[in-house]
Amino acid sequence: MYADKPDLVRRIREAMAAEQHDAAFYAMLVDMAPAEDKDIIKHIREDEFKHYKMFSDMYTYLTGSYINVPEPDVSPPKNYKEGLASAIMGETSAVEEYRIILIEAPFWYMKDWLYIIVTDEQKHADRYNMLYSRA
Ligand SMILES: [Fe+2]
Ligand SMILES: [Fe+2]
């Protein structure tokens, strides 16, 4: 256990919960989306599952234990465009949060993973912005 890194472990556990939340929320967005948007959101959702797995592996590496964070119940947005706006806010907040984990990560390979995750979230924000602008 990285007893000197309780803050990092907490942030990683919260990141796992955030990834599960986003995956659940985006499943609802896919249902509300017009046909031409669905694949873009599905691809973003697959990224969130990949991130969950990466954070889960980091958690196990740092603590020696495995935890499972279940998909939460998420309430649907009022409409598709509101859902996109909330997705953009969520993705940009994730960038801010995850770059702290990147800086605190004690190993280079972990920093590489965080680099991939942070740039994915930035990519998600860009794509949701594109969908928002034509919704
Ligand atoms: Fe993510
Ligand atoms: Fe994301």
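Residues numbered from 1 in each chain as written. Chains lettered and ligands numbered in written order. Predicted model: local features only at pLDDT ≥ 70, side-chain atom pairs only at ≥ 80, totals over all residues. Heavy atoms only, no water.

**Student:** Which parts of the structure should I look at to understand the coordination of the iron ion (ligand 2)?
**Tutor:** Reference values for coordination geometry: four tetrahedral donors around a metal ideally subtend 109.5 degrees, six octahedral donors ideally subtend 90 or 180 degrees. At 2.0 to 2.4 Å from the iron ion (ligand 2) lie its protein donor atoms, namely E48 (OE), E91 (OE), E91 (OE), E121 (OE) and H124 (ND1). In terms of primary sequence, the donors binding the iron ion (ligand 2) are separated according to E-x42-E-x29-E-x2-H. Between the iron ion (ligand 2) and the iron ion (ligand 1), the interatomic distance is 3.6 Å, and E48 donates to each metal, bridging them. Placement of the pair is E48 in helix α2 (residues 35–63) and E121 in helix α4 (residues 108–134), with a sequence separation of 73 residues. With relative accessibility at 0%, the residue E48 sits in the buried group. (Donors = N, O, S within 2.8 Å, 3.2 Å for Na, K, Ca; no water. Helix = DSSP H or I, 4+ residues; strand = E, 2+ residues; numbered from the N terminus. Buried < 20%, exposed > 50% of the residue type's maximum accessible area, 1.4 Å probe, protein only.)

**Student:** Help me understand the nonpolar core in this model?
**Tutor:** Buried together is how nonpolar side chains tend to be arranged in soluble globular proteins. By size, the foremost hydrophobic cluster in this structure holds 21 residues, and its most contacted members are I12, F55, M58, Y98 and I101. Each residue touching Y98, except ones within four places of it in the same chain, is listed here: A15, A18, E19, F55, L114, I117, V118 and E121. (Core = buried A, V, L, I, M, F, W, Y, C linked by side-chain atoms within 4.5 Å. Contact = heavy atoms within 4.5 Å.)

**Student:** What should I look at first to understand the environment of M54 in this one?
**Tutor:** Its location among the elements puts M54 in helix α2. Those residues in contact with M54, other than ones at most four positions away along the chain, are W113, I116 and I117.

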